[in-house]
Amino acid sequence: MALEHAILVSLTERAGSGYELAHRFDRSIGFFWPATHQQIYRVLRRMDEAGWVTHTEVAQEGRPDKKVYQVSATGRDELARWLAEPVDPAVLRDGLAVKIRGASLGDTAAVLREVVRHRGEHAALLEVYHGIRRRDFPKPAKLSGRELHQYLVLRGGIRAEESFLAWCDEVIEAMRSEQS
């Protein structure tokens, strides 16, 4: 998947400026497809040139005009094409797993500290996901369409984080037992 497709999905859900889109990425899409603000602006320019999006200039007082982007018919066609094509399964590239595998070759305690640090960061992210679920999807059984699809992606993130935390707990316990 290219960043272009993530942007098309987001702009199909709601038109917005590059700034608004970057903040949406910070709060939702970026959890599973991260992008810097600079990348988003650069890709929006390319998409505009390709005709996938159009923009309307909105005057602002005391600030430069902002461009509010929306998906064009050509962009909807591209999104439909991309949605219909197969996606390659993700290749797992995990530096933490490589460090754990090689822990006996160096400072095992440092690797253990790194696992504990990762566990803490993922636990915090899981709490963010649960907060989004409580705030945005209080009655998941009643969801359909776009909201159901957003919820299902969030559930995937929740389950992935829960699984990662369980794995970290297993690694921590095993490595601490080994040190005793």
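Residue numbers restart at each chain and count upward from 1, following the sequence in its written direction. Residues qualify for local features only when their pLDDT is at least 70, as the model is predicted, and side-chain atom pairs are given and counted only at 80 or more; totals for whole chains, interfaces and linings, by contrast, use all residues. Each side-chain value is derived from all of the structure's non-hydrogen atoms; neither hydrogens nor water enter the calculation.

The protein chain appears in an unreviewed UniProt entry as PadR family transcriptional regulator from Kribbella voronezhensis.

Student: Whenever I open this one, the side chain of arginine 24 confuses me. Can you help?
Tutor: Starting at the N terminus, helices and strands are each numbered in turn, a helix being any DSSP run of H or I of at least four residues and a strand any DSSP run of E of at least two. One can find arginine 24 in helix H2 (residues 18–27). Although buried, arginine 24 forms no salt bridge, and the nearest oppositely charged side chain, glutamate 20, lies 4.9 Å from it. In what follows, a contact means two residues having at least one pair of non-hydrogen atoms within 4.5 Å. The residues touching arginine 24, leaving out its near neighbours within four places in the chain, are Ser10, Leu11, Arg14, Ala15, Gly16 and Ile29. Under the scheme applied here, a residue whose accessible area is under 20% of the maximum for its type counts as buried, over 50% as exposed, and between as partly exposed, the area being computed with a 1.4 Å probe on protein chains only. Counting rule for charge: Lys and Arg are taken as positive, Asp and Glu as negative, and neither His nor the chain ends is counted. Salt bridge, as used here, is a side-chain nitrogen of Lys or Arg placed within 4 Å of a carboxyl oxygen of Asp or Glu.

Student: When you look at the UniProt feature "domain: Transcription regulator PadR N-terminal" (unreviewed entry) in the protein chain in this model, what are you seeing that I'm missing?
Tutor: UniProt positions are given in the numbering used here, feature names are shortened, and annotations may be inferred rather than shown by experiment. Under the UniProt annotation, the feature "domain: Transcription regulator PadR N-terminal" (unreviewed entry) is placed at residues 7–80. For the annotated span residues 7–80, helix accounts for 53% and strand for 26% of the residues, and the straight-line distance between the end C-alpha atoms is 14 Å.

Student: Sorry if this is basic, but what is going on with the pairing of strand E3 (residues 63–71) here?
Tutor: On any regular strand, side chains alternate: one points to one face of the sheet, the next to the other face. Where strand E1 (residues 16–17) meets E3, two bridges bridge the pair, whose relative direction is antiparallel. Along E3, the bridge assignment pairs serine 17 with valine 68. Note: strand E2 (residues 53–60) against E3, seven bridges, orientation antiparallel. When the bridges of E3 are listed, threonine 56 appears paired with valine 68. Hairpin connection from E2 to E3: two residues lie between these consecutive antiparallel strands, with glycine 62 at a positive phi of about 75°. In this description, strands pair whenever DSSP reports at least two bridges between them.

Student: Looking at this structure, I do not really get helix H6 (residues 108–136). What am I missing?
Tutor: Count 3.6 residues to each turn of an α-helix, and residues three or four apart come out pointing the same way. When the terminal C-alpha atoms of H6 are compared, their 42 Å separation across 29 residues agrees well with the 42 Å that a helix rising 1.5 Å per residue should span. Thr108, Val111, Leu112, Val115, Leu126, Tyr129, His130 and Ile132 are the residues of H6 that are buried. Those residues of H6 that are buried are in contact with H2, helix H5 (95–101) and helix H7 (145–179). The N-terminus of H6 is capped by aspartate 107, whose side-chain oxygen sits 3.2 Å from the backbone nitrogen of alanine 109. Residue count minus one, scaled by 1.5 Å, sets the expected span of a helix. N or O atoms within 3.5 Å of each other form a polar contact, as long as, within protein, one can give a hydrogen and the other can take it, and as long as residues adjacent in sequence are counted only when both atoms are side-chain atoms.

Student: Sorry if this is basic, but what is going on with the pattern of salt bridges here?
Tutor: Pairing is possible between side chains that carry opposite charge, provided their charged atoms lie close to one another. By the definition in use, this model includes eight salt bridges. As a salt-bridge pair, glutamate 20 and lysine 66 come within 3.2 Å of each other at their nearest N and O atoms. Here glutamate 20, found in helix H2, pairs with lysine 66, found in strand E3; they are 46 residues apart in sequence, far enough to count as distant. Here lysine 66 falls in the partly exposed class, since its relative accessible area comes to 24%.

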